[in-house]
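Take a look at the letters that make up each chain.
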Amino acid sequence: MGIRVAVAGASGYAGGELLRLIAGHPDLEVVTVTGHSTVGRTVGEVQPHLATYADLTFQDTTSEVLAGHDVVFLALPHGQSGSIAAQLPDDVLVVDAGADHRLTSEDDWRAFYPGQWHGAWTYGVPELPTADGKLRTDLATTRRIAAPGCNASAVSLALAPAVAAGFVEPEDLVAVLAVGPSGAGRSTRPDLSASELLGSANAYAVGGTHRHTPEILQNLALVTGVRGSISFTPVLVPMARGILATCTATLTPDVDEREIRAVYAEAYGGERFVRLLPAGRFPAVEHTIGANTLLLGLAVDTAANRLVVVAALDNLVKGTAGAAIQSANLALGLPEAAGLPIDGTAP
Ligand SMILES: NC(=O)c1ccc[n+]([C@@H]2O[C@H](COP(=O)([O-])OP(=O)(O)OC[C@H]3O[C@@H](n4cnc5c(N)ncnc54)[C@H](OP(=O)(O)O)[C@@H]3O)[C@@H](O)[C@H]2O)c1
């Protein structure tokens, strides 16, 4: 028997992706799945693509059901993890894919989320080049991990090296993202329906209202000590999963593309899952689908005096379940890349 895992919210998109990736993990084994409206049904009925765990039955999402495992992944709507996690034993590794434990500022939480703030856990983006360089060490010793928001990880990793090096003005960051509707979960919202989305593209949470905004600013502050400001606009497009984030920022004086590429190479050159493409090449979402990979392409727009960084990732893998497993691997003392695919799909 491997390391015993429970996945709460396993009937949803993020939870389903956790099951899919753990099925290929050499050390982890899912023994318990929980849901809400699907309690009593099997994985095979609700997630028919997941043959490995087809016979597991969804149980109630309670701390009693989740206790007694080595690792608990929580993939619940925001606001649902905090009280359950608080009742789990301290020695259990708990990884929250939801937002409940990401924000270090209670004021930020109150400004963007309803309900109680539950405090922040160690952030599950090992590659984030924080100023103190301690994130991997912290992940290796913690029992509580907050996996990232999918948009937040794309934008933060795209901009962090340039912001950290002082190559761009942290007060003038802009990110416009093409996002697939799976980012909003298995919801029945009308704007996510095929009839409204196919053949169209819809901006939402416009004007600084998206919940990932404070998470991005928190991440960039970890990198530089400066909170900065960002205009962040997601646009729903008709692809089931994936994010293409186009991030731009005003350049500081006398910076050229060669220097910028050098700092990105230094930040990510040793990383398995974050890759900067050569000059003149830009990522496509398709190349990251199914993979725990973030692809970056960058250019300097000299006429506009802006750095442009394009980032692509699979919101359900590098944007959530993959990041959660990568971080759990560190906390469990396993190879960081265990069970995580690096190659995407095409076409
Ligand atoms: N989707 C993404 O790309 C993505 C990326 C990063 C982070 N996340 C985060 O991951 C979490 C799950 O997102 P998702 O996209 O997987 O959502 P989802 O597809 O809507 O799944 C939600 C899951 O939570 C369960 N659930 C619903 N209401 C509940 C309640 N009141 N109490 C307990 N369980 C409840 C559902 O169970 P039933 O199906 O049985 O009702 C389902 O298993 C969210 O916090 C989200 O922010 C998602």
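For every chain, the first residue of the written sequence is number 1, and numbering continues from 1 onward in sequence order. Residues qualify for local features only when their pLDDT is at least 70, as the model is predicted, and side-chain atom pairs are given and counted only at 80 or more; totals for whole chains, interfaces and linings, by contrast, use all residues.

Caption draft 1: Examining the overall build of the protein more closely. Helix and strand assignments come from DSSP, with helices taken as H or I runs of at least 4 residues and strands as E runs of at least 2, each series counted from the N terminus. Scanning the protein from terminus to terminus reveals eleven helices and 14 strands. The C-alpha atoms of the protein give a radius of gyration of 19 Å, which matches the 20 Å a tight globule of 347 residues would have. Structurally, the protein occupies a C-alpha span of about 60 × 45 × 40 Å along its principal axes. Residue pairs qualify as contacts under a 7 Å threshold applied to their C-beta atoms, which are placed from the backbone. Within the protein, residue pairs in contact and separated by at least 24 positions form 72% of the contacts whose partners lie at least 6 positions apart. Computation of the radius of gyration draws on C-alpha atoms alone. For the globule rule, the value is 2.2 Å times the number of residues to the power 0.38.

Caption draft 2: Layout of the environment of A291. On the secondary structure map, A291 appears in the loop between β12 (274–276) and β13 (294–301). Labels follow a simple rule on C-beta atoms placed from the backbone: if 20 or more others lie within 10 Å of a residue's own, it is buried; if 12 or fewer, it is exposed; otherwise it is partly exposed. Here A291 falls in the buried class, since 20 other C-beta atoms lie within 10 Å of it. Taking the C-alpha atoms as reference points, A291 and T345, 54 residues apart in sequence, are found 8.0 Å from one another. Once you skip the residues sitting within four places of it in the chain, A291 turns out to touch D314, V317, P341, I342, D343 and G344.

Caption draft 3: The site of the ligand, seen in detail. In the vicinity of the ligand there are 30 residues, among which G12, G35, T38, G98 and G185 approach most closely. Of all the elements in the fold, those that place two or more residues in the shell around the ligand are α1 (13–23) and α11 (317–332). Here the shell around the ligand takes three residues from α1, the largest share from any one element. Residues were grouped as follows: Ala, Val, Leu, Ile, Met, Phe, Trp, Tyr, Cys and Pro as nonpolar; Asp, Glu, Lys and Arg as charged; and all remaining residues, including Gly, as polar. Residues of the shell around the ligand, tallied by class, amount to nine nonpolar, 20 polar and one charged. Defining nearness, a residue is near a molecule or strand when the C-beta atom obtained from its backbone falls within 6 Å of it.

Caption draft 4: Representation of the sheet that holds strand β8 (residues 168–179) within the structure. In short, DSSP must find at least two bridges between two strands for them to pair. Pairing within the open sheet is mixed, and its seven strands lie in the order β9-β10-β8-β11-β14-β13-β12. Each having just a single partner strand, β9 (202–203) and β12 make up the two edges of the open sheet. With eight bridges joining them, β8 and strand β11 (residues 243–251) adopt antiparallel strand pairing. Bridge pairing links A178 to L244 in β11. Taken strand by strand, helix α7 (residues 150–164) contacts β8, β10 (230–236), β11, β12, β13 and β14 (306–313), and its axis lies near 30° from that of β11. As a rule, the C-alpha atoms of each element are fitted with a line to give its axis, helices using only the stretch in contact, and angles between N-to-C directions run from 0 to 180 degrees. Helix α9 (residues 212–224) contacts β8 and β10 of the sheet and is inclined by roughly 135° relative to β10.

Caption draft 5: A look at the pairing of β8. As paired strands, β8 and β10 are joined by seven bridges and run parallel to one another. Within β10, the position partnered with V179 by the bridge is L236.

Caption draft 6: Seen up close, the packing of α7 against α9. Where α7 contacts α9, the two axes come as close as 9 Å, and the packing angle between them is 30°. Comparing the axis directions of α7 and α9 gives the class roughly parallel. Here the hand of the crossing between α7 and α9 comes out right-handed. For the pair α7 and α9, contact is made by N151, A152, V155, S156, L159, A160, V163 and A164 and by H212, E215, I216, N219, L220, V223 and T224, respectively. Taken together, the residues that form the contact of α7 with α9 break down as nine nonpolar, five polar and one charged. We call two directions roughly parallel when the angle between them is under 35 degrees, roughly antiparallel when it is over 145, roughly perpendicular when it lies between 65 and 115, and oblique otherwise. The crossing is said to be left-handed when, going from far helix to near helix, the turn is anticlockwise and less than a right angle, and right-handed when the turn is clockwise.

Caption draft 7: How the structure looks around the domain arrangement of the protein. The domain boundaries here were taken from an automatic or database domain assignment. Domain boundaries in the protein define domain 1 (3–148 + 318–332) and domain 2 (151–315). Distance from the C-alpha centre of domain 1 to the C-alpha centre of domain 2: 24 Å. At the level of elements, α5 (106–112) and α11 are the ones that each hand at least two residues to the side of domain 1 that touches domain 2. Looking at the side of domain 1 that touches domain 2, the element that brings in the most residues is α11, giving six residues.

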